[in-house]
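# Architecture at a glance
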Amino acid sequence: MTSPLTAVPESLLEQAYSSGYAIHGALGLGSDLFTTEIVRIIEKHSKPGSLENDSLSFFKRLHTTDLYLAVACAMPSKKAWLRFDAAYRNYIRDLAAMATSSRSTGNDLAGDILSDMFLPDRSGQSRIASYDGQASLATWLRVIVIRRAINERERKWNCLERLYCMPEIADGSGVKQLEARIRSNRYDRVIKDAMKVASKCLNERERLILVLRYEDCKQSAEIAQFLGVHPSTISRQLQQIHARLRDEVIAHLAANCHLGHDAIEECRDEIIENPAYSILSFVKGSVG
């Protein structure tokens, strides 16, 4: 069987580490320990006689940005736990509240789960060390919350509390909203940095066109009349501006933030779905 370390190019391992660093910051986790943990995970899930491509494909499916945080927490790193707490405490609380009988009960359940993340398991490791990156950290935590809620429901049923008095598990739309919040918190800084850099590629005329179109809500014909050109020219220039900004944002996320394809796609989804992100905030100030 091919060694995972030889199956996965060093450049991809470095990119995974850099991506985690860009999203979560310096948590005291060295690249060697991070690589060692990835290799351990691949070896654990490799089948006898698996090929080099199998290990590489498995690696590419891992949520390495989330692994970066989890591995740092398991070290343990105080900075990592503070980052985890800031990113996921409210998510866990909201999930628990939707999966239990009340906000108060949910807070108790969430507190127990957060404490369990810190505590060692039978092997003496922090329980978060069992996270292996095959699902996102948000999905992994959601499964834990729901399982604990179900266990609590069964315990109360055994204590003669009627099951119909207890609420159903969280609905899908609510969970999606919570996970969208996690995504926003994760990528907010790098998206804004990328937009700021991308805005600098525009000249004064292009900035003015964007402000007239999206800030002043002018139609292409009105902008064309103001600038003394044909409306089709404005429509064409808007398409070109959008394409250039998209390419610049993606290039910055890949080259400067070291994000992989999946993380970049998440950033694109976040920009499209979250109205809080607007290139205008970086463009308006420089329009004379």
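Located above this text is the structure these notes cover.
Residues numbered from 1 in each chain as written. Predicted model: local features only at pLDDT ≥ 70, side-chain atom pairs only at ≥ 80, totals over all residues. Heavy atoms only, no water.

### A few points about the packing of helix α2 (residues 10-24) against helix α5 (residues 64-74)
We apply this condition: The axes are straight lines fitted to the C-alpha atoms, using for helices just the contacting stretch, and the angles between their N-to-C directions are given from 0 to 180°. Secondary structure follows DSSP: runs of H or I at least 4 residues long count as helices, runs of E at least 2 residues long count as strands, and numbering of each begins at the N terminus. Each angle receives one of four descriptions, namely roughly parallel if under 35 degrees, roughly antiparallel if over 145, roughly perpendicular if within 65 to 115, and oblique otherwise. The contact criterion used throughout is that any non-hydrogen atoms of two residues lie within 4.5 Å. Polarity classes work like this: nonpolar for Ala, Val, Leu, Ile, Met, Phe, Trp, Tyr, Cys and Pro, charged for Asp, Glu, Lys and Arg, and polar for all others, with Gly in that last group.
Relative orientation of the contacting elements α2 and α5 amounts to 70°, with a least axis distance of 8 Å. When the axes of α2 and α5 are compared, the pair comes out roughly perpendicular. Every residue of α5 that contacts α2 at Ala16, Tyr17, Ser19, Gly20, Tyr21, Ile23 and His24 is listed here: Thr64, Thr65, Tyr68 and Leu69. When its residues are assigned to classes, the contact of α2 with α5 shows six nonpolar, five polar and no charged.

### Some details on the packing of aromatic side chains
How we decide: Two aromatic rings from Phe, Tyr or Trp, using only the six-membered ring of Trp, form a pair when their centres are within 6.5 Å; if the ring planes differ by under 30 degrees the pair is stacked, by over 60 it is edge-to-face, and anything between is tilted. Exposure categories follow from relative accessible area, calculated using a 1.4 Å probe and restricted to protein chains: below 20% of the type maximum is buried, above 50% is exposed, and the middle band is partly exposed.
Applying the stated criterion across every chain, the model contains eight aromatic pairs. Each ring, one from Trp81 and one from Phe118, has its centre 3.9 Å from the other, and the planes form 25°; the classification is stacked. You can see Trp81 sitting in helix α6 (residues 78-99) and its partner Phe118 sitting in helix α7 (residues 103-118), a full 37 residues away along the chain. Accessibility expressed as a relative area gives 41% for Phe118, which makes it partly exposed. In this structure an aromatic cluster arises from ring pairing among Trp81, Phe84, Tyr88, Tyr91 and Phe118.

### Details of the environment of Val197
With respect to the secondary-structure elements, Val197 resides in helix α9 (residues 172-199). For Val197 and Val249, which are 52 residues apart along the polypeptide, the C-alpha to C-alpha distance reads 7.6 Å.

### Digging into unusual backbone geometry
Glycine aside, residues mostly have negative phi angles, and peptide bonds mostly take the trans form. For the bond from Met75 to Pro76, the omega torsion is 5°, close enough to zero to count as cis. For Pro76, the position within the fold is in the loop between α5 and α6. Within the chain, Cys217 stands out as a residue other than glycine whose phi angle is a positive 60°. Relative to the elements of secondary structure, Cys217 occurs in the loop between α10 (204-215) and α11 (220-227).

### Brief notes about the side chain of Asn274
Within the secondary structure, Asn274 is located in the loop between α13 (261-273) and α14 (280-283). Judged by its relative accessible area of 17%, Asn274 is buried.

### Description of helix α12 (residues 231-255)
What counts is decided by this rule: Expected span, for any helix, means 1.5 Å times one less than how many residues it has.
In this model α12 runs 36 Å from its N-terminal to its C-terminal C-alpha over 25 residues, within 8% of the 36 Å that 1.5 Å per residue would give. Among all positions in α12, only Thr233, Ile234, Gln237, Leu238, Ile241, Leu245, Val249, His252 and Leu253 are buried.

### Examining the environment of Leu141
Summarising the element assignment, Leu141 is placed in helix α8 (residues 137-158). When its relative accessible area of 0% is taken as the criterion, Leu141 is described as buried. Sequence-wise, Leu141 and Tyr88 are 53 residues apart; in three dimensions their C-alpha atoms are separated by 8.8 Å.

### Notes on the pattern of salt bridges
Keep this limit in mind: Just to be clear on terms, a salt bridge is a Lys or Arg side-chain nitrogen sitting within 4 Å of an Asp or Glu carboxyl oxygen.
Applying the stated rule across the entire model yields ten salt bridges. As a salt-bridge pair, Arg148 and Asp116 come within 2.6 Å of each other at their nearest N and O atoms. Of this pair, Arg148 sits in helix α8 while Asp116 is found in helix α7, placing the two residues 32 residues apart along the sequence. One network of salt bridges, in which partners are shared, links Asp66, Arg186 and Glu266.

### A short note on the layout of surface pockets
We count it as follows: Here the term cavity refers to a set of points on a 1 Å grid, laid over the protein atoms alone, in which a 1.4 Å probe fits but cannot get out; the term pocket refers to an open set having protein on both sides within 12 Å along at least five of seven lines, with lining residues being those that place an atom within 4 Å of a point. Grid points are joined across faces, edges and corners, and a volume is the space filled by probe spheres set on the points.
Put simply, the largest pocket is a space of about 700 Å³. Along the walls of the largest pocket sit 27 residues, with Leu62, His63, Asp262, Ala263 and Glu266 positioned nearest its centre. Elements represented by at least two residues in the lining of the largest pocket include exactly α2, α4 (52-61), α5, α9 and α13. Among the elements that take part in the lining of the largest pocket, α9 stands out by supplying seven residues, more than any other. Residue composition of the lining of the largest pocket, by class: nine nonpolar, eight polar and ten charged. Its boundaries defined by the atoms lining it, the second largest pocket holds a volume of some 420 Å³. If you trace the second largest pocket, you find 15 residues lining it, with Met195, Leu245, Arg246, Ile271 and Ile279 closest to the centre. At the level of secondary structure, the elements contributing two or more residues to the lining of the second largest pocket comprise α10, α12 and α13. Considering each element in turn, the lining of the second largest pocket owes the most residues, five residues, to α12. Here the lining of the second largest pocket is built from residues that sort into eleven nonpolar, two polar and two charged.

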